[in-house]
Amino acid sequence: MKDLKCGLRACVHNRAYCCAAKKISVDDSADCKTYEPDETKRRSLFEAGDDFVPRDYSVDTFVKCEAKCVFNKDRLCYANGITVMNDNKGEAMCLTYIRD
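Residues numbered from 1 in each chain as written. Predicted model: local features only at pLDDT ≥ 70, side-chain atom pairs only at ≥ 80, totals over all residues. Heavy atoms only, no water.

**A word on the pattern of salt bridges**
Any two side chains of opposite charge can pair, on the condition that their charged atoms come close. Quick note on the threshold: Salt bridge, as used here, is a side-chain nitrogen of Lys or Arg placed within 4 Å of a carboxyl oxygen of Asp or Glu.
Across all of its chains, the model carries three salt bridges by this definition. The salt bridge partner of Lys 33 is Asp 27, with a shortest N-O separation of 3.8 Å. The salt bridge partner of Arg 75 is Glu 66, with a shortest N-O separation of 3.3 Å.

Structure below.
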């Protein structure tokens, strides 16, 4: 999947709002379990830095999914793209999740 957007700017895999991980795992609650906080990004005083980096959609990310979702086929995500953001609990959640 090449269109994997991530709003979790403090994640080590986030590159200008794109996920640069080679594979991610989404659990049965639609939470991204690959999310890994990067303390250097959290302490940065300049939040706009990533906004000036060109988007890189060239990473073809493998998405393993355990959620009961319409895009889940044999534990793999077949959506054209997904978006990951914070949920109400501060977890990384797949917003593309549509209950099956």
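**Thoughts on the environment of Met 85**
Stated formally: Each helix corresponds to a stretch of at least 4 residues labelled H or I by DSSP, and each strand to a stretch of at least 2 residues labelled E; elements are numbered beginning at the N terminus. Here, two residues are considered to be in contact whenever any of their heavy atoms come within 4.5 Å of each other.
In this structure, Met 85 sits in strand S8 (residues 81-86). Between the alpha carbons of Met 85 and Arg 9 there is a distance of 9.4 Å; along the sequence they are 76 residues apart. Here Met 85 is in contact with Gly 7, Leu 8, Glu 91, Ala 92, Met 93 and Leu 95, once residues within four sequence places are set aside.

**What to know about the nonpolar core**
Generally speaking, a soluble globular protein has its nonpolar side chains buried in company with each other. Keep this limit in mind: Joining through side-chain atoms within 4.5 Å is the link that ties buried Ala, Val, Leu, Ile, Met, Phe, Trp, Tyr and Cys residues into a set, and such a set is a nonpolar core. Each residue gets one of three labels from its accessible area relative to the maximum for its type: buried under 20%, exposed over 50%, partly exposed in between, using a 1.4 Å probe on protein chains only.
Counting 21 residues, the largest nonpolar core has Leu 4, Ile 24, Val 63, Cys 77, Ile 82 and Val 84 as its most contacted members. Looking at this core, the elements that each hand over two or more residues are strand S1 (3-6), strand S4 (23-26), strand S5 (62-65), S8 and strand S9 (92-94). Setting aside chain neighbours within four positions, we find Val 63 in contact with Met 1, Leu 4, Ile 24, Val 26, Arg 75, Leu 76, Cys 77 and Ile 82.

**Considerations on the side chain of Thr 61**
Relative to the helices and strands, Thr 61 is located in the loop between helix H1 (39-42) and S5. Excluding residues that lie within four positions of it along the chain, Thr 61 makes contacts with Met 1, Leu 4, Cys 19, Ala 21, Lys 22, Lys 23 and Ile 24.

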